[in-house]
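What follows is each chain in one-letter form.
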Amino acid sequence: MKKIWWKESVVYQVYWRSFYDSNGDGIGDLQGVLEKLDYIQKLGVDVIWLNPFYESPDRDNGYDISDYESVMEKAGDLETFKELLSAIHDRGMKVIMDLVVNHTSDQHPWFLESKSSKDNPKRDWYIWREGKEDGPPNNWRSYFEPSSWTYNDTTEDYYFHSFAKEQPDLNWKNDELRKEIFRMMRSWLDLGIDGFRMDVINLLAKQDGFPDAEDPSHISYLADNPGIHEYLQEMNREVLSHYDVMTVGEIPFVTPETGLLYVHEDRNELNTLFHFQVADEMPVMDLKRYKEIQESWYKGTFEKGWNSQFLNNHDHTRQVTRYGNDGQYRVESAKLLGIMLHTLPGMPYIYQGEEIGMTGVRFDSIEDYNDIAMKNKYKEEVEKGRDPEEVFESLLLLSRDNSRTPMQWNETENAGFTSGQPWIKVNPNYKDINVEKALEDPSSVFYTYQNLIELRKEHPVMTYGDYTDWSRGKDPLYLYTRSYEGITWLVILNHSDDVLDVDIPDHYAKESARLVIGNYQVTIDERGHMPEKIRLQPHEARVYEIKENQVT
Ligand code: TEU
Ligand code: CA
């Protein structure tokens with residue numbers, strides 16, 4: 001297997017607008033990230049992923065870009081970004097930027113031109129179709145709207161958008177457009193960034209002819225269409241192959257088979273991907289399914305391409321709330337999920353605040369929310385005549401704002417995030433859960449994460465080890481091994497609120513072992529032998545190292 005720096009990296013995602021506000025306008029900013037770099041460095045991560053900070057009307061928090069080459073005023077300016085970039089490099093870390101090239105803002109000058117007349121030179125940079133029988137060209141939904149088409153009065157036809165109507169999709173069939181995007185990518189890479197997280201990158205190619213969908217509510221027709229691999233190979237050839245950088249594609253609706261086509265080492269497209277089998281199929285933990293997904297991605301991609309591990313991000317509710325226990329066992333459960341993600345095969349991503357066990361939120365009314373996905377859905381359902389209270393309740397668990405509340409730094413007003421009025425309310429639990437407290441407490445979630453990241457630097461088994469699941473069918477137990485060059489790590493996790501008795505597989509029982517990391521105090525057999533049976537406390541996680549040459 002090829003060894004390479006990014007495979008060995010841990011990435012920390014900074015949703016800058018909710019990270020730290022340096023100037024009191026209530027919005028986090030790049031200067032704020034700069035001021036908190038010591039904190040990120042203390043955690044020990046290798047790479048920082050910054051969500052989009054390009055010029056944008058901000059209808060979808062920066063994912064609606066109106067100028068790819070300047071910095072949104074809220075975030076700061078290009079000089080501040082350059083300063084941040086070199087400060088991160090000085091600390092031995094790297095930076096990846098969000099690349100959002102499936103769509104732009106409807107305020108991008110390209111789109112303003114494109115919609116102005118049928119013979120405008122930028123007309124073909126977006127996707128235009130005639131309507132059908134007084135309606136849109138087909139029956140497709142978009143992610144954020146009941147239709148993926150919006151009518152343009154001036155030209156009396158429709159443009160296509162996979163997301164909100166303020167986010168028209170670019171036409172990747174157009175050669176000039178692709179050239180312009182590649183040039184823009186090179187200009188950021190030439191500035192010294194270390195790669196890209198590529199927003200919904202498998203949506204670039206569209207289905208020929210836009211045929212009606214049998215079931216328009218399953219929007220997978222938006223993704224993974226013929227032509228996509230040609231675009232990405234061209235992007236690799238024209239841009240990426242000329243730099244030593246990493247790329248991670250956001251790739252919804254793929255299986256290990258189709259996902260591998262994006263990241264296979266011989267195909268020269270992307271390095272790694274985020275797939276959404278967990279997020280899309282599991283609103284809450286379904287351990288049986290989770291194990292199947294891990295197994296199939298391991299079998300499908302290990303030693304051929306490279307996978308990622310994450311359970312939350314700025315779009316997905318905080319993991320301790322969604323997949324753990326954010327009440328009585330918040331600390332144990334946050335640590336267990338961290339230990340799991342960092343010992344499964346693939347690059348671990350940490351979303352800001354995860355490392356202190358931040359939780360999801362429940363605000364009182366829809367007015368307190370900002371997420372365009374949630375607000376549009378609320379409006380759509382209420383307009384159908386459904387009870388507003390019921391609609392509101394149904395959207396709470398997965399609202400993207402669960403993860404977008406400000407980073408909780410300390411117990412002062414607004415959690416120390418801003419001296420002004422925060423753009424989104426702070427989670428009321430900030431007096432209990434905050435960075436200052438976490439750093440003072442040697443047994444906090446923070447130090448478990450710090451430890452996990454440090455362990456990866458010394459133990460190649462975490463990166464390159466093969467994976468075997470020994471627990472199949474025995475939920476809530478998840479027991480697996482990673483093995484590499486004679487070293488085996490045995491990971492034992494209790495995904496439940498109850499005590500759990502576990503039989504250690506014969507192969508490993510009684511062998512010489514040491515505890516590498518756990519989330520409870522454990523007294524180990526003084527001869528250092530793996531017991532035959534162990535009793536796990538609620539949400540307990542243990543990782544043992546076993547030297548295989550001593551296994552008889
Ligand atoms: O998200 C696309 C998106 O909707 C997925 O993350 C979704 O969660 C996945 O397909 C599983 O269903 C990206 C950005 O992360 C998001 O913030 C933007 O709103 C969106 O693209 C549009 O740019
Ligand atoms: Ca600010």
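Residues numbered from 1 in each chain as written. Chains lettered and ligands numbered in written order. Predicted model: local features only at pLDDT ≥ 70, side-chain atom pairs only at ≥ 80, totals over all residues. Heavy atoms only, no water.

**Thoughts on the coordination of the calcium ion (ligand 2)**
Every protein donor of the calcium ion (ligand 2) is listed here as Asp21 (OD), Asn23 (OD1), Asp25 (OD), Ile27 (O) and Asp29 (OD), and their distances to the metal cover 2.2 to 2.4 Å. One chain supplies every donor for the calcium ion (ligand 2), spaced along it as D-x1-N-x1-D-x1-I-x1-D. Residue Asp25 is classed as partly exposed on the basis of its relative accessible area, which comes to 37%. (Donors = N, O, S within 2.8 Å, 3.2 Å for Na, K, Ca; no water. Buried < 20%, exposed > 50% of the residue type's maximum accessible area, 1.4 Å probe, protein only.)

**Description of the domain arrangement of the protein**
On domain assignment, one finds that the protein holds domain 1 (7-100 + 175-364 + 407-453), domain 2 (109-160) and domain 3 (465-550). Distance between the C-alpha centres of domain 1 and domain 2: 30 Å. Residue-level contacts link 21 residues of domain 1 with 15 residues of domain 2. For the pair domain 1 and domain 2, the two sides together bury roughly 1,700 Å², of which 70% comes from carbon and sulfur. Inspection of the region where domain 1 meets domain 2 yields one salt bridge. Among the ionic pairs, Asp212 bridges to Lys132, the shortest N-O distance being 3.6 Å. In this assembly, domain 1 and domain 2 are joined by five residue pairs in polar contact (both at pLDDT 80 or more). Element by element, the count of residues in the side of domain 1 that touches domain 2 is highest for helix H5 (residues 175-191), at four residues. Of the residues belonging to the side of domain 1 that touches domain 2, the class tally is 13 nonpolar, three polar and five charged. (Domains from an automatic or database assignment. Contact = heavy atoms within 4.5 Å. Buried area = accessible area lost by both parts, 1.4 Å probe. Salt bridge = Lys/Arg side-chain N within 4 Å of Asp/Glu carboxyl O. Polar contact = N/O pair within 3.5 Å; in protein donor to acceptor, adjacent residues only side chain to side chain. Helix = DSSP H or I, 4+ residues; strand = E, 2+ residues; numbered from the N terminus. Nonpolar A, V, L, I, M, F, W, Y, C, P; charged D, E, K, R; others polar.)

**Comments concerning the site of ligand 1**
As a structural note, the neighbourhood of ligand 1 is formed by 18 residues, with Asp60, Glu250, Asp280, Asp315 and His316 the closest of them. In this structure, Asp60 approaches ligand 1 through a side-chain N or O atom, which is 2.5 Å from an oxygen atom. His316 places a side-chain nitrogen or oxygen 2.7 Å from an oxygen atom of ligand 1. Against a free-state accessible area of 500 Å², the protein chains account for coverage of 93% of ligand 1. In terms of residue class, the shell around ligand 1 is built from seven nonpolar, three polar and eight charged. (Near = heavy atom within 4 Å. Areas by Shrake-Rupley, 256 points an atom, 1.4 Å probe, with all protein chains shown as cover.)

**Section: a nonpolar patch on the surface**
Together, Val284, Leu397 and Leu398 give the surface a local cluster of nonpolar side chains, amounting to about 230 Å² of exposed area. Overall, Leu397 belongs to the partly exposed group, its relative accessible area being 35%. (Patch = residues over 30% accessible without salt bridge, like charges linked within 9 Å, V, L, I, M, F, W, Y side chains within 5 Å.)

**Brief notes about unusual backbone geometry**
Omega for the peptide link from Asp475 to Pro476 comes to 5°, which places this bond in the cis form. Structurally, Pro476 is set in the loop between strand E14 (466-469) and strand E15 (477-484). Unlike most non-glycine residues, Glu133 shows phi in positive territory, near 40°. Turning to its location among the elements, Glu133 is positioned in the loop between strand E6 (128-129) and strand E7 (149-152). On the basis of relative accessibility, which here comes to 77%, the residue Glu133 falls in the exposed class. Of note in the backbone geometry, Glu156 takes a positive phi value of approximately 55° without being a glycine. Looking at the element boundaries, Glu156 is found in the loop between E7 and strand E8 (157-160).

**As for the packing of aromatic side chains**
The full count for this structure, using the stated rule, is 46 aromatic pairs. Where Phe19 meets Trp409, the ring centres are 5.2 Å apart and the plane angle is 75°; that geometry is what we call edge-to-face. Separated by 390 residues along the polypeptide, Phe19 in the loop between strand E1 (11-14) and helix H1 (30-35) and Trp409 in the loop between helix H13 (388-396) and helix H14 (435-440) bring together distant segments of the chain. Of the two residues, Phe19 and Trp409, both sit in the buried class. Aromatic ring contacts, followed pair by pair, group Tyr290, Tyr298, Phe302, Trp306, Tyr464, Tyr467, Tyr478, Tyr480 and Tyr484 into a single cluster. Note that Lys36 overlies the ring of Tyr20, its terminal NZ or CZ placed 4.5 Å from the centroid. (Phe/Tyr/Trp six-rings, centres within 6.5 Å; stacked < 30°, edge-to-face > 60°. Lys NZ or Arg CZ within 6 Å of the ring centre and 35° of its normal.)

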